[in-house]
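As a plain string of letters, each chain reads:
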Amino acid sequence: EVGLGKTIEAGLIMRELKLRGLVKRTLVIAPKGLVSQWVSEMRFHFGETFQLVLPEDIKTLKRIAPASSPENADQGYHDPEAQPGNAWQMFSQVVVPMDSVKPMDKRRGWSAAQVGEYNRERFEDLISAGWDLVIVDEAHRLGGSTDQVARFKLGQGLAEAAPYFLLLSATPHQGKTDAFHRLVSLIDAQEFPDIGSVTRERVEPHVIRTE
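To keep things clear, this report deals only with the structure shown in the data block. No experiment lies behind these values; they were computed from the predicted model shown. (Residues numbered from 1 in each chain as written. Predicted model: local features only at pLDDT ≥ 70, side-chain atom pairs only at ≥ 80, totals over all residues. Heavy atoms only, no water.)

The next subject is the side chain of Asp125. With respect to the helices and strands, the residue Asp125 is situated in helix 4 (residues 112-127). For Asp125, the residues in contact, after removing those within four places along its chain, are Lys62, Asn86, Trp88 and Arg120. (Helix = DSSP H or I, 4+ residues; strand = E, 2+ residues; numbered from the N terminus. Contact = heavy atoms within 4.5 Å.)

Charged atoms that come close allow side chains of opposite charge to pair. Within this structure, the stated rule accounts for 10 salt bridges. Where Lys18 meets Glu48, a salt bridge forms, and the shortest distance between an N and an O atom there is 2.8 Å. With Lys18 in helix 1 (residues 6-19) and Glu48 in the loop between helix 2 (35-46) and strand 2 (51-52), this residue pair connects regions lying 30 residues apart in the sequence. A salt bridge links Glu121 to Lys59; the nearest nitrogen and oxygen atoms lie 3.2 Å apart. One end of the pair, Glu121, is in helix 4; the other, Lys59, is in helix 3 (residues 58-64), with 62 residues separating them in the sequence. The network of salt bridges with common partners includes Arg15, Lys18 and Glu48. (Salt bridge = Lys/Arg side-chain N within 4 Å of Asp/Glu carboxyl O.)

Another aspect to go through is the packing of helix 5 (residues 150-161) against helix 6 (residues 177-187). Orientation of helix 5 relative to helix 6, taken along the N-to-C sense of each, is 20 degrees, at an axis distance of 8 Å. With respect to their mutual orientation, helix 5 and helix 6 come out roughly parallel. The interaxial crossing formed by helix 5 with helix 6 has right-handed handedness. Note on element contacts: helix 6 touches helix 5 through Arg182, Ser185 and Leu186, opposite Phe152, Gly155, Gln156 and Ala159. In terms of residue class, the contact of helix 5 with helix 6 is built from three nonpolar, three polar and one charged. (Axes fitted to C-alpha atoms, helices over the stretch in contact; angles between N-to-C directions. Parallel < 35°, antiparallel > 145°, perpendicular 65-115°, else oblique. Left-handed = near helix turned anticlockwise from the far one by under 90°. Nonpolar A, V, L, I, M, F, W, Y, C, P; charged D, E, K, R; others polar.)

Residues Leu27, Ile29, Trp88, Trp131, Val134, Val136 and Leu158 are the most contacted members of the largest nonpolar core, which totals 30 residues. Breaking this core down by element, the ones donating at least two residues are strand 1 (26-30), helix 3, strand 3 (93-97), helix 4, strand 4 (133-136), helix 5 and helix 6. Sort the elements by how many residues they give to this core and helix 5 lands first, with five residues. Apart from the residues lying within four places of it in its own chain, the contact partners of Trp131 are Arg25, Thr26, Leu27, Trp88, Phe91, Ser92, Val94, Leu126, Ala161, Ala162 and Pro163. Counting residues in hydrophobic clusters, the runner-up holds 17 residues, among them Ala10, Trp38, Phe46 and Phe50. (Core = buried A, V, L, I, M, F, W, Y, C linked by side-chain atoms within 4.5 Å. Buried < 20%, exposed > 50% of the residue type's maximum accessible area, 1.4 Å probe, protein only.)

Here's what the structure looks like:
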């Protein structure tokens, strides 16, 4: 429900997973208006420091990220064949606005190469950065209006990005079964292969409700 502490509940789950030694790297995806609140609440309630990464920060981080060259990583040696660094690996706990990392199909005035580079920096590098836990606030937004919507594609990528995936929403079902099906399919695509598989009994094990 609204105002019943989804952020706090997420923090409790994260802390428990950390205490069990299962989580070191955590990514929080939230709407733009909530990202600063996430950083402050994690620090205030749990003593956890999260790095807020805004859209304008991504290119700068990309430039200063250490190049990935495993053989020479510890020796300060510059390998001319080293791959550009993954900026998302620079911090172990990150909060980022949802719409700044969703993939893009095309953009007016951009070439396919420019679109590809944009998606690599913001979406593909993010997904492949080795997260242990991904938390999505206002997760119902990932359902989208069709399975081709960028937010749903972002959700599909995030679902594969970490072994632990926590979706937070006060309104997971907004009266549209197809959007709700897309949302729960992110948790377990095999359990929910089609709309007909979305039943109260099958959904119940995957949902925590605060009453």
